[in-house]
Amino acid sequence: MKDWRFLIREQRGTLIAMALFVVMFTIYVTNHPAGFTLNVVTTASNKGVLLAFVAMAQTLVVVTAGIDLSLGMIFVLTNCLASWLVAGSPLETAFGVVAVLAAGLACGMVNGLIVIYGRLQPIVTTIATGAIYFGIALLLRPVPGGEVNQDLADALTGKLFDRVPASLVALLAVVLLIWIPFRRSLTGRAAYATGSSEAAAYMSGVPIRRARFVAYSLAGLLAGIGGLFLTFFTYSGEASAANGNTYTLYSIAAVVLGGVSLFGGVGSAIGAIFGAFVFRTIGDLLFVFDLEPLWQPLFQGMVLLLAVCLGAFRLLQIRNRLDYFG
Amino acid sequence: MEALATPLFRMVGISKRYGGVNALTDASLAVEAGHIHAILGENGAGKSTLIKIIAGVIAADSGRMMLDEREVTFASPAQASRAGIACVFQELSLIPDLTVADNIFIGDPPRRFGLINRRAQRRMADAVLARAGAADIHPMAQVRDLPLSRRQLVEIAKALARNPRILILDEATSALTQGDVTKVFDVLKRLRKEGLALLYISHRMQEIAELADICTVFRNGRNVATYEAGTKSDNEVVELMIGREYRHVFPPKPAPIPAERVPVLEVTGLSWSDRLRDISFSVRAGEVVGLGGLDGQGQRELLLALFGVLRGVTGELRIDGNKVAVAGPGDAKAPQIGMALIPEDRKTEGLMLPMSVRDNLSFAALQRISRAGMIDFAAERRLIAEMISLLAIRSSSNDEPVSALSGGNQQKVVIAKWLMVTPRIILLNDPTRGIDVGTKQELYGLLRRLAESGVAIVFYSTDYDELINCCNRVLVLFDGSVIRELEGDGITDRALVASALSIGANDAAKTGGAS
């Protein structure tokens, strides 16, 4: 019985990201003046989940060997939409949440339809649709503003039963309701197969188009969940191009840190979530060591580069040079 | 004409054109349950097209297909699969990043509440791997980590997992070791007994003789003959296939190389990882040294090590008596070493498929035909024309993408590309795999001419006939060591098989250790 060895090999990227996060977070809380308290964890969680949602979204597309550069803009668009709709009576609020998530899903579906049935390159397509989504966001919120149902917002950004950060529970719920079913469904496996070798997947009679379509659609939905949470944190909507672009690029960084291969077919959204946490923790570490926030991009860049280098250590072990290309 | 039982599957008047080429013309075929039906024909005879049509990969231009006497059309491999047709393709259809079990059940994994049940899948994978005679493959291993011969068994297991009514095997044994072939044959015979219809495509006549009940020969896109197995001699069959007078395939055996001739290539104590162990041999100018043994005993690695592809190789390499270090193909092809490697997989390591025949031919020799970094187009044209006529490469134009050529012509392009650097040492890695008889014959002739012009050749082949007829000497590898060296008339079927199975390997190891 060496089944566990094969399992570890399969999940290596995810495990490394987890370990990296545990190390960084331990350094963070041991140096934090308040120490390992619920408040510290909740704050960290609230900072981390936004990128975690967008990184999960990016994972879905990246495992099919695609890339979605519009996710940050879907994130911003759904934020603006939520600042109009997620307010008022509980019923109105509920309707607003459904509408915002449907909007995210619709954006993802549009990406999927164009990429798959239009046979266009994902990069170009999603740059274009991202610009369109941002345009709509600007029309919705020419200037920052709006409101959100404060009870709901506070409930989802506070602590559940005074024990656990609510945002972390929400993230877990999304993993259980969206990621796990996807990973274990025929469609999810087809998505991995497509990313690993599209020709072999086709020859195996795997539903390639459905898999890619579902991946892009769910990515839109997840980015929409991210946008919704952004609204809960800020109580308002803002059509910020900088924010959208940052989240798009950071989601790719988080995915790489989480062991998801940009070539497709390898990796897990769980890894990407930890990748996102790692990326966020860098800023927190600067804070506890009293470094200027100005240093943040520099350090984030260095950690990302280091992580990519760690991934490349595997290449040092390669004894057959042909494996560099395989 | 025999039409006793109603055929399970029938195709009538099937035609298919690619551009201006007729791949199939009015072809028909009837397949019966409980029979193994062999399809024979040269590459380009239309076999692959025929199978792709049956498997739903491509659609026929005209003609009808009937399953259980009901007309069917398949728009995709998935549809054909649902109708009970499973195909083991020559180009493997496995997903490298998924596990063996994931791959076997890729189309229809066991599910509970709509989600894949990995535990049940694991169990079923164990069972189906055992059924395919591959119980030694771990279902949770990643396909990426398996050697080619294991992958082929996984591919067969994957087809079996669909419980097909018609199983198509397209060159399915080409990468298998002899032991695996026997196991697979037992499996196929059992399936025949269970009432499956099997379509079997192979270039290996012995396999067809052992397995087939009925044979159909294709030539130039038409089915030219269908006969009961065993009613025609090999010579008659080959004549049907190539449609010309059948000459002996191999050129006469080479004359012995004078012992006093100095070696061009000398290898001493070559080791790498745990795959190559203390290998020593030399090759003289004009000599063809074969590598034999079961597939996967280190032959491929040995060639890659010589060509500088592997890292961490120990041992000594001498060219013309001078010690050299080869740090990669770039070094290996430089004039002072002058080595060329004809790779195993022409589609990934040999050719840039979408690029033109011209570009593919001149890639390896670009340094030779450029001046100050600029390509000398006149020199390129001259050299390419020379190669195309030397190897009789058939293409409609040099600007045609090399992917449009037949398998045999593609292989010629790979060889020509390396001849353009005028190598003194040529390493060949199973160069005739999946190639038609006509092209094989041309390649054997070419090998002989190259040897006669003084090139030293190291030739790995999985086909023992080739080793027997083309080589001056054969090194038999087992588990990364040379366990036996056969020479001249000593290279026989019996000797090759016996030493490949490592019968008497202990003695060889003892003598090797004592000297």
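Everything discussed here concerns the structure shown above.
Residues numbered from 1 in each chain as written. Chains lettered and ligands numbered in written order. Predicted model: local features only at pLDDT ≥ 70, side-chain atom pairs only at ≥ 80, totals over all residues. Heavy atoms only, no water.

## What about the pattern of salt bridges?
Residues and elements named next belong to chain B. Threshold: Any carboxyl oxygen of Asp or Glu within 4 Å of a side-chain nitrogen of Lys or Arg constitutes a salt bridge here. Secondary structure follows DSSP: runs of H or I at least 4 residues long count as helices, runs of E at least 2 residues long count as strands, and numbering of each begins at the N terminus. Under the scheme applied here, a residue whose accessible area is under 20% of the maximum for its type counts as buried, over 50% as exposed, and between as partly exposed, the area being computed with a 1.4 Å probe on protein chains only.
Tallying each qualifying case throughout the model produces 29 salt bridges over all chains. In this structure, Lys 16 and Asp 61 form a salt bridge, with 3.7 Å as the shortest nitrogen-oxygen distance. Separated by 45 residues along the polypeptide, Lys 16 in strand β1 (residues 9–18) and Asp 61 in the loop between α1 (47–54) and β4 (62–67) bring together distant segments of the chain. Asp 108 is paired through a salt bridge with Arg 111; the nearest N and O atoms lie 2.6 Å apart. Among the residues examined, Arg 111 registers a relative accessible area of 40% and is labelled partly exposed. Counted as one network, the salt bridges with shared partners bring together Arg 284, Glu 287, Arg 473 and Glu 485.

## A word on the sheet that holds strand β12 (residues 222–228) of chain B
Working definition: the strands of a sheet are paired by backbone hydrogen bonds and lie parallel or antiparallel to each other. Residue and element names in this part refer to chain B. The cut-off we apply is this: Any two strands with at least two DSSP-identified bridges between them are counted as paired. Here the axes come from fitting lines to C-alpha atoms, over the contacting stretch only for helices, and the angles between their N-to-C directions go from 0 to 180 degrees. By definition in these notes, contact holds between two residues if any of their heavy atoms fall within 4.5 Å.
Ordered by their spatial adjacency, six strands build an open sheet running β6-β9-β10-β3-β11-β12, and the pairing between neighbours is mixed. Both edges of this open sheet fall to β6 (85–88) and β12, since each of them pairs with a single strand only. The sheet shows a mean angle of 20° between the axes of neighbouring strands, direction not considered. Direction of pairing for β6 relative to strand β9 (residues 166–170): parallel, over a ladder of four bridges. When the bridges of β9 are listed, Val 88 appears paired with Leu 169. Packing against the sheet, helix α5 (residues 148–160) makes contact with β6 and β9, and its axis sits at approximately 180° to β6. On top of the sheet, helix α6 (residues 178–193) reaches β3 (35–40), β9 and β10 (197–201); it is set at about 145° to β10, its chief contact.

## Focus on the packing of helix α13 (residues 377–391) of chain B against helix α14 (residues 407–419) of chain B
A pair of packed helices is characterised by two quantities: the angle between their axes and the separation of those axes. All names here are of chain B. In plain terms, the rule: With respect to orientation, any angle under 35 degrees is reported as roughly parallel, any angle over 145 as roughly antiparallel, any angle of 65 to 115 as roughly perpendicular, and every other angle as oblique. Helix crossings are classified by the rotation of the near helix relative to the far one: an anticlockwise turn of less than a right angle makes the crossing left-handed, while a clockwise turn makes it right-handed. When residues are sorted by character, Ala, Val, Leu, Ile, Met, Phe, Trp, Tyr, Cys and Pro go into the nonpolar class, Asp, Glu, Lys and Arg into the charged class, and all the rest, Gly among them, into the polar class.
Where α13 meets α14, the closest approach of the two axes is 10 Å, and the angle between their N-to-C directions is 130°. It follows that α13 is oblique to α14 by the angle criterion. Relative to α14, the crossing made by α13 is right-handed. For the pair α13 and α14, contact is made by Met 387, Leu 390 and Leu 391 and by Lys 412, Ile 415, Ala 416 and Leu 419, respectively. For the contact of α13 with α14, the residue count by class is six nonpolar, no polar and one charged.

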